[in-house]
Number of protein chains: 2
Amino acid sequence: MEEFYAQCRANNLKITPQRVAVYKALSSSLSHPSADQIHKVLKKEFPNISLDTVNRTLVTFAKAGMIDVVEGHGDPRRFDPNRGTHHHFYCISCREIFDIHDSALDRIPVSPELEKKFTITGKRICLSGYCDKCRSRNQ
Amino acid sequence: MEEFYAQCRANNLKITPQRVAVYKALSSSLSHPSADQIHKVLKKEFPNISLDTVNRTLVTFAKAGMIDVVEGHGDPRRFDPNRGTHHHFYCISCREIFDIHDSALDRIPVSPELEKKFTITGKRICLSGYCDKCRSRNQ
DNA sequence: TTGACAATTAGGACTAAATCCTATTTAATC
DNA sequence: GATTAAATAGGATTTAGTCCTAATTGTCAA
């Protein structure tokens, strides 16, 4: 928790009871919850915390690099006609997806145990960050 | 296009003008469009094609393995407190995300050109398919 | 400790994605 | 060409996410 306070200070984020609660709730979660799921949990302790605050707080933490946004960025569902092996770079600013073709990335060593545990239909390396345009725009 | 017809037959999907149009539109798209974007394009040719049909058709194609759903599965945004290197398996049936810790997967060889082209803040291997529960349930 | 200010929050309104429902239409099969 | 199950249009509904405004609160400096 001490690290949380330090990270807040480093990012000029005020330490509010809501932020502390959101961080604790996410940290103690075993799954990969949505804002709504965390909101439901926090309602018990803070009956009038708003969903907007929970969501905004989580996005703020993610932007500060304190937590991650994972599969499902909150964008609409998107499709790819290319079923050949290739990879993606996702720009977290403009939300564009860029194809990456690099044979060095194609060999993903999935262990036999993993293949046994799951029926794997998709394997892809997902890179994320800022594309060239957004990088220069934000400076 | 001939392959499209064959895939439809193999999956018992009726070949309708709408499905042909959706497939053509996606195939000729350079980006990774959403259902809404494809719907807007098709409106010009089929003024009264519905968004539901476009979306349903795309999901149907994806389930048949004819196209892919990429970053953003249409799920709500989800968060991960664990910023250490790890990977994810996403179940396309129950939508649960499972953590995968496997050091063999950690070495993702991102080329210097790629690092130059983008500011990469996240690297992760995204596996998808069916988890154990859903695999057995669907049989 | 207090006061001032900028940041943050609650709550409701709003927008947009996705799904559901039902009547109608249509592709496939014989 | 007739039959039937599948697919579609269109509108309604649900839900995620964002926006807006007034009220509140954390921080910093005096």
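Model, not experiment: these values are computed from the prediction.

Asker: Sorry if this is basic, but what is going on with the protein's contact with DNA strand D here?
Answerer: The immediate surroundings of DNA strand D are formed by 26 residues, with Gly74(A), Asn48(B), Thr53(B), Pro76(B) and Arg77(B) found nearest. The leading source of residues in the surface near DNA strand D is helix H4 (residues 51-63) of chain B, at four residues. For the surface near DNA strand D, a count of residues per class yields eight nonpolar, 10 polar and eight charged.

Asker: What am I meant to see in the pairing of strand S5 (residues 119-130) of chain B here?
Answerer: The two faces of a sheet get side chains in turn, since along a regular strand they alternate between them. As paired strands, strand S5 (residues 119-130) of chain A and S5(B) are joined by 11 bridges and run antiparallel to one another. Opposite Ile120(A), over in S5(B), you have Gly129(B) as the bridge partner. Where strand S3 (residues 87-91) of chain B and S5(B) come together, four bridges link them in parallel fashion. Bridge assignment links His88(B) to a residue of S5(B), and that residue is Cys126(B).

Asker: Hey, could you run me through the relation of the copies chain A and chain B in this one?
Answerer: Taken together, a rotation about one axis and a shift along it account for how the two chain copies relate. Least-squares fitting of chain A to chain B yields an RMSD of 0.1 Å, with the superposition described by an axial translation of 0.0 Å and a rotation of 180°. Expressed as an axis order, the relation between the two copies is that of a two-fold axis. Interface overlap between copies: 100% of the residues of chain A at the interface are likewise at the interface in chain B, consistent with a symmetric, same-surface contact.

Asker: What's the story with the environment of Asn12(A) in this structure? I'm lost.
Answerer: Residues and elements named next belong to chain A. For Asn12, the location among the structural elements is in the loop between helix H1 (2-10) and helix H2 (17-27). Its 7 C-beta neighbours within 10 Å are what place Asn12 among the exposed residues. Linking Asn12 and Asp80, residues 68 residues apart in sequence, is a C-alpha distance of 39 Å.

Asker: I would appreciate a short explanation of the protein's contact with DNA strand C in the present structure.
Answerer: The local shell around DNA strand C holds 27 residues, among which Asn48(A), Thr53(A), Pro76(A), Arg77(A) and Gly74(B) are the closest. In terms of residue class, the surface near DNA strand C is built from nine nonpolar, 10 polar and eight charged.

Analysis parameters
Residues numbered from 1 in each chain as written. Chains lettered and ligands numbered in written order. Predicted model: local features only at pLDDT ≥ 70, side-chain atom pairs only at ≥ 80, totals over all residues. Near = placed C-beta within 6 Å. Helix = DSSP H or I, 4+ residues; strand = E, 2+ residues; numbered from the N terminus. Nonpolar A, V, L, I, M, F, W, Y, C, P; charged D, E, K, R; others polar. Pairing = 2+ DSSP bridges. Least-squares fit on C-alpha atoms with pLDDT ≥ 70 in both. Contact = placed C-beta atoms within 7 Å. Buried ≥ 20, exposed ≤ 12 C-beta atoms within 10 Å, placed from the backbone.

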